Amino acid sequence: MRVPRRRILTSHGDRRGSPAPEASNMTLASTHSQPPPCLSPGTCRAGAAPIATIGQHSDGILLLHGFSGSPWDVRPLADALIAQGYSVAVPLLAGHGTKPDDLAETTWQDWLADARNALEWLSTQVERVHVAGLSMGALLALLLARQATPRPIASVTLLAPAVSLAPHVAFALRAMDQLGRPKMVRRMKWRGGEREASPSYQSLPVAAVLSVLELQEVVRGVHPSVLVRALVLHGTADATVPH
């Protein structure tokens, strides 16, 4: 089947940081409003740039990356949806895709604000919006589904939703907070394969991780009131986010 031609609003190459398309392919048509900053070109690590593509399908999908990650983490899913003619928006959330010190200056409210801005923009481009989130992004998806404007979200897809962390991880983080040190913690390094090319942070600000714990508490308190079609996918061997 022939895939409808699409208009690329912003794109910064593939997952390995290849050059962006020619400027002629990135021109925004006058019929579409300008994307918010979280969906616009900016200074970020190679491969971490946001994605905003308008397709021919009447449905659009907002994809939200996880904590310390970037659009790189959901790029394969975004590419598959774009190939099917969907409009896709993948914002780069505040403090992500640059350096860990930037993340230390943000909280979950900042990440939610960026997700909401991307949602509101995508809602002006399509008839129906679906939201999919990875890990921490899944928590933001649930909050968006509860507070959706200007129209209800059609569905949510939760990929390894980080509703809680392994107890020993949460305990260690709270102990660090009490001690006031360290300010940064190292995450487990990936071995082999394409993950080594990921622009995700390997050092995590403790303050920002504690904000994730706060976000988890908020979501656990409101998720029973989220009434929307949902698909939940979770790996049984996930060592960070319990199944």
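Residues numbered from 1 in each chain as written. Predicted model: local features only at pLDDT ≥ 70, side-chain atom pairs only at ≥ 80, totals over all residues. Heavy atoms only, no water.

**A look at the overall build of the chain**
Then step 1. A count of helical and extended segments in the chain gives six helices and nine strands.
Then step 2. In the chain, buried positions account for 49% of the 243 residues.
Then step 3. Counting only contacts in the chain whose residues sit at least 6 apart along the sequence, the fraction spanning at least 24 positions is 75%.
Then step 4. Surface exposure of the chain reaches about 12,100 Å², of which carbon and sulfur atoms provide 54%. (Helix = DSSP H or I, 4+ residues; strand = E, 2+ residues; numbered from the N terminus. Buried < 20%, exposed > 50% of the residue type's maximum accessible area, 1.4 Å probe, protein only. Contact = heavy atoms within 4.5 Å. Areas by Shrake-Rupley, 256 points an atom, 1.4 Å probe, with all protein chains shown as cover.)

**Let's talk about the environment of Ala89**
Then step 1. Inspection of the secondary structure assignment puts Ala89 in strand E4 (residues 87-90).
Then step 2. Taking the relative accessible area as the measure of exposure, Ala89 reaches 0% and is therefore buried.
Then step 3. Residues Ala89 and Leu122, spaced 33 residues apart in sequence, show a C-alpha to C-alpha distance of 6.9 Å.
Then step 4. Leaving out residues up to four positions away in the same chain, Ala89 has contacts with Leu39, Ile51, Ala52, Ile61, Leu62, Leu63, Trp121 and Leu122.

**Some points on the pattern of salt bridges**
Then step 1. Counted under the stated rule, the structure contains four salt bridges.
Then step 2. Measuring nitrogen to oxygen at the nearest pair gives 2.5 Å for the salt bridge that ties Asp59 to Arg128. With Asp59 in strand E3 (residues 59-64) and Arg128 in strand E5 (residues 128-134), this pair connects stretches of sequence that are 69 residues apart.
Then step 3. Given a relative accessible area of 8%, Asp59 falls into the buried group.
Then step 4. Here Glu127 ties to Arg128 by a salt bridge, and the two come within 3.7 Å at their closest N and O atoms.
Then step 5. Judged by its relative accessible area of 37%, Arg128 is partly exposed.
Then step 6. Three or more residues joined by partner-sharing salt bridges are found here, namely Asp59, Glu127 and Arg128. (Salt bridge = Lys/Arg side-chain N within 4 Å of Asp/Glu carboxyl O.)

**Focus: the pairing of E4**
Then step 1. Residues Ser87 and Ala89 line one face of E4 and the alternating positions Val88 and Val90 line the opposite face, and both faces are buried.
Then step 2. Relative to E4, strand E2 (residues 51-54) runs antiparallel, the two being bridged by three bridges. Note that in E4 the partner of Ile51 across the bridge is Val90.
Then step 3. As paired strands, E3 and E4 are joined by three bridges and run parallel to one another. The partner of Ile61 across the bridge, within E4, is Val88. (Pairing = 2+ DSSP bridges.)

**Quick look at the nonpolar core**
Side chains of a nonpolar character, in soluble globular proteins, are inclined to be buried together.
Then step 1. Residues Leu62, Phe67, Trp111, Val131 and Leu144 are the most contacted members of the largest nonpolar core, which totals 50 residues.
Then step 2. In this structure Leu144 touches Leu62, Leu64, Leu112, Ala115, Arg116, Leu119, Val131 and Ile153, once residues within four positions along its chain are discounted.
Then step 3. Of all hydrophobic cores here, the second largest spans ten residues; its members include Ile51, Ile61, Val74 and Ala132. (Core = buried A, V, L, I, M, F, W, Y, C linked by side-chain atoms within 4.5 Å.)

**What about the side chain of Gln216?**
Then step 1. Within the secondary structure layout, Gln216 lies in helix H6 (residues 206-222).
Then step 2. Its relative accessible area of 3% is what places Gln216 among the buried residues.
Then step 3. Every residue in contact with Gln216, bar those within four places of it in the chain, is listed here: Leu139, Ala162, Val163, Ser164 and Leu165.

**A closer look at the environment of Leu231**
Then step 1. Relative to the assigned elements, Leu231 resides in strand E9 (residues 229-233).
Then step 2. Using a relative accessible area of 45% as the deciding quantity, one classes Leu231 as partly exposed.
Then step 3. In contact with Leu231, other than residues within four places in its own chain, are Val156, Thr157 and Leu158.

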